[in-house]
Amino acid sequence: MNDETGLVSTNLTEMSKILAATADAGLIEDFMYSLFTQAEADEIAKRWALVKRIAEGVPQRAIAAELGLSLCKITRGSRELKKENSSFRRMLELGGYEIVEKKRKA
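Fair warning: this is a prediction, and the values are worked out from it, not measured in the lab.

Chemist: Can you walk me through the overall build of the chain in this structure?
Modeler: Looking only at helices and strands, the chain features 6 helices and 0 strands. Secondary structure elements of the chain, listed N to C terminal, follow the sequence α-α-α-α-α-α. Taken along the three principal axes of its C-alpha coordinates, the chain extends 45 × 35 × 25 Å. In the chain, which comprises 106 residues, the proportion classed as buried is 17%. Pairs at least 24 apart in sequence give 40% of the contacts found in the chain among residues at least 6 apart.

Chemist: It is not clear to me how the environment of G26 should be interpreted in this structure. Could you clarify?
Modeler: If you trace the backbone, G26 turns up in helix 2 (residues 25-35). Residue class for G26 comes out partly exposed when judged on its relative accessible area of 36%. Between the C-alpha atoms of G26 and T75, which are 49 residues apart in sequence, the distance is 31 Å.

Chemist: Help me out: how do you make sense of the packing of helix 3 (residues 38-55) against helix 5 (residues 71-82) in this one?
Modeler: Think of two packed helices as two axes; the pair is described by the angle between the axes and how far apart they sit. Where helix 3 contacts helix 5, the axes come no closer than 9 Å and their chain directions differ by 60°. Taken together, the axes of helix 3 and helix 5 are oblique relative to one another. The way helix 3 lies across helix 5 gives a crossing that is right-handed. Between helix 3 and helix 5, the residues in contact are E43, R47, L50, V51, I54 and A55 and K73, I74, R76, G77, S78 and L81, respectively. For the contact of helix 3 with helix 5, the residue count by class is 6 nonpolar, 2 polar and 4 charged.

Chemist: How should I be thinking about the packing of aromatic side chains in this particular structure?
Modeler: Each pair of aromatic rings is reported with the distance of its centres and the angle of its planes. Taken as a whole, this structure holds 1 aromatic pair when the rule is applied. Between the aromatic rings of W48 and Y97, the centroid separation amounts to 6.4 Å while the plane-to-plane angle is 80°, which identifies the pairing as edge-to-face. Of this pair, W48 sits in helix 3 while Y97 sits in the segment after helix 6 (87-94), placing them 49 residues apart in sequence.

Chemist: What am I meant to see in helix 6 here?
Modeler: Because an α-helix completes one turn every 3.6 residues, residues spaced three or four positions apart along the sequence face the same direction. At the N-terminal boundary of helix 6, the capping side chain belongs to S86, with an oxygen 3.2 Å from the backbone nitrogen of F88. Following helix 6 by one or two positions, G96 adopts a phi angle in the positive range, close to 85°.

Chemist: Where do I start with the side chain of S78 in this structure?
Modeler: Turning to its location among the elements, S78 is positioned in helix 5. Classification of S78 as buried rests on a relative accessible area of 8%. Residues within four places of S78 in sequence aside, it is in contact with I54 and Q60.

Chemist: It is not clear to me how the packing of helix 3 against helix 4 (residues 60-67) should be interpreted in this structure. Could you clarify?
Modeler: At their nearest, the axes of helix 3 and helix 4 sit 10 Å apart, and the two run at 150° to each other. Considering the angle they form, helix 3 stands roughly antiparallel to helix 4. Handedness of the crossing formed by helix 3 with helix 4: right-handed. Across the interface between the two elements, K46, A49, L50, R53 and I54 from helix 3 touch I63, E66 and L67 from helix 4.

Rules used throughout
Residues numbered from 1 in each chain as written. Predicted model: local features only at pLDDT ≥ 70, side-chain atom pairs only at ≥ 80, totals over all residues. Heavy atoms only, no water. Helix = DSSP H or I, 4+ residues; strand = E, 2+ residues; numbered from the N terminus. Buried < 20%, exposed > 50% of the residue type's maximum accessible area, 1.4 Å probe, protein only. Contact = heavy atoms within 4.5 Å. Axes fitted to C-alpha atoms, helices over the stretch in contact; angles between N-to-C directions. Parallel < 35°, antiparallel > 145°, perpendicular 65-115°, else oblique. Left-handed = near helix turned anticlockwise from the far one by under 90°. Nonpolar A, V, L, I, M, F, W, Y, C, P; charged D, E, K, R; others polar. Phe/Tyr/Trp six-rings, centres within 6.5 Å; stacked < 30°, edge-to-face > 60°. Polar contact = N/O pair within 3.5 Å; in protein donor to acceptor, adjacent residues only side chain to side chain.

This is the structure in structure tokens:
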């Protein structure tokens, strides 16, 4: 997405700071349901679910079948999770999720 005016980054930064400042999970959930359409909320929830399933070591094709998502989205999530200083990894850890490291085939 092209963000020449800074609209996206400015507003995402502002919302992130506000969300980080509150400990009220109910307020945050209500805010997200108000902010997103049902289809958008569904998509975001599925993306979070796919990251959790990848972290559990579930094969990508099984995740695609389970969640009805394309392999491209799952591959993207997997790639993000593998990045150094991955925000996905940090958020999962904050949520108390253990990340299963897949062993590479020799």
